[in-house]
Amino acid sequence: MSDTQAKKGEEVRVRIWDLPVRLFHWVMVALFAFSWWTAENDHLDWHFLSGYAILGLLLFRVYWGVVGSTTARFASFVKGPRALLSYARQLLARPGKISLGHNPMGGWSVLAMLLLLLTQVGLGLFAIDVDGVEGGPLSNLVSFETARRMSSLHGLLFNILLIVVGLHVAAILFYLFYKRENLIVAMLNGRKRVAGDVAQEMRFVSLWWALPGLAVACLLVLWVVYGHF
Ligand code: HEM
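Residues numbered from 1 in each chain as written. Predicted model: local features only at pLDDT ≥ 70, side-chain atom pairs only at ≥ 80, totals over all residues. Heavy atoms only, no water.

**Digging into the side chain of Lys192**
Spelled out, the test is: Only DSSP runs of H or I with at least four residues qualify as helices, and only runs of E with at least two residues qualify as strands; both kinds are numbered from the N terminus onward. Distance and chemistry together define a polar contact, namely a pair of N or O atoms within 3.5 Å, with one atom able to donate a hydrogen and the other to accept it when in protein, and with adjacent residues in sequence counting only for side-chain atoms on both sides. Contacts were defined at the residue level, with two residues in contact if any of their heavy atoms lie within 4.5 Å.
You can see Lys192 is positioned in strand 2 (residues 191-195). Only 2.9 Å separates the side chain of Lys192 from the backbone oxygen of Ser99, close enough to count as a polar contact. In terms of polar contacts, Lys192 uses its side chain to reach the side chain of Glu181, at 2.8 Å. Not counting residues within four places of it along the chain, the set of residues in contact with Lys192 comprises Val12, Arg13, Val14, Ile16, Ile98, Ser99, Glu181 and Leu183.

**Description of the layout of surface pockets**
For clarity, the cut-off: We place a 1 Å grid over just the protein atoms. Points where a 1.4 Å probe fits but has no way out form a cavity, open points with protein on both sides within 12 Å along at least 5 of 7 lines form a pocket, and any residue with an atom within 4 Å of a point lines it. Grid points are joined across faces, edges and corners, and a volume is the space filled by probe spheres set on the points.
Of the pockets and cavities examined, the largest pocket occupies roughly 1100 Å³. Around the largest pocket sit 43 residues that line it, and His25, Val110, Met113, His168 and Ile172 are the ones nearest its centre. The set of elements that each furnish at least two residues to the lining of the largest pocket consists of helix 1 (19-40), helix 5 (104-126), helix 6 (144-177) and helix 7 (183-189). A per-element tally of the lining of the largest pocket places helix 6 first, with 11 residues. The computed volume of the second largest pocket comes to approximately 700 Å³. In this structure, the second largest pocket is lined by 32 residues; those nearest its centre are Ala39, His47, Gln120, Gly124 and His154.

**Details of the pattern of salt bridges**
Note the threshold: Each salt bridge in this description consists of a side-chain nitrogen of Lys or Arg and a carboxyl oxygen of Asp or Glu lying within 4 Å of one another. The classification of residues rests on relative accessible area computed with a 1.4 Å probe and restricted to protein chains. Under 20% of the type maximum is buried, over 50% is exposed, and intermediate values are partly exposed.
Per the counting criterion, the structure on display carries two salt bridges. Glu11 serves as the salt-bridge partner of Arg193, at 3.6 Å between the closest nitrogen and oxygen. On the criterion of sequence distance, the pair formed by Arg193 in strand 2 and Glu11 in strand 1 (residues 11-15) is long-range, its members being 182 residues apart. The class of Arg193 is exposed, set by a relative accessible area of 52%. Its relative accessible area of 49% is what places Glu11 among the partly exposed residues. Note that Glu181 and Lys192 form a salt bridge whose closest N and O atoms lie 2.8 Å from each other. Linking Glu181 in the loop between helix 6 and helix 7 with Lys192 in strand 2, this pair joins segments that are 11 residues apart in sequence. Glu181 sits in the buried class, given a relative accessible area of 10%. Taking relative accessible area as the criterion, Lys192 reaches 7% and is therefore assigned buried.

Structure, rendered in structure tokens:
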């Protein structure tokens, strides 16, 4: 019997996250921390490289959000206001509605995090330091004043991101301790225990589909860093 063919009431372990989503997540966590550390300790060359890697990762995630497995797709987790409100109304219920993938509130927060991270990297590409010596690869496309403004916004948005990521981790802990739902293990091994009647058929895309996305993401990053005029 497959994961998703269990009888009603029976608990089953279903696969919910594919490898690219899990790798994306944990590499992003590491690079986010590394970018912070390199900025704080003036290792700007490493900070730049980390930012380029984050950019590549985000571009890949956008691609995977369109062609990836069911739970990776934006269309499957960005829900309308009705689903959002209905989910929010039962947020404190125990046990709550189990989602296979991001829940309707989580879906919007994921989208917000991805957009904030993209904006953050975008600002970094145009930013320049006070002496005008160390600058992002696109800083020469704008005036020094504009590049300095981008630097300030880059610093401000980082603080906003810290708050957003703090809320993200707090939400995960709320699920763990209050709702007794371990989302962290699911993001590590890709699987979750759910009642058989919650399980549903999901489509997992072959990993080969990740290759064109990775290649295009790398080429775009190389073009942004070296190919502009
Ligand atoms: C140690 C700290 C962290 C933990 C334990 C954690 C845990 C998780 C978990 C469990 C999910 C899946 C939520 C769900 O089931 O809907 C998730 C999703 C996500 N997290 Fe984190 N997270 C952490 C840090 C971060 C950081 C630092 C960032 C960004 C800088 C981040 C960005 C994201 C994003 C973008 C997603 C959506 C993943 C996707 O759909 O591709 N997380 N996180």
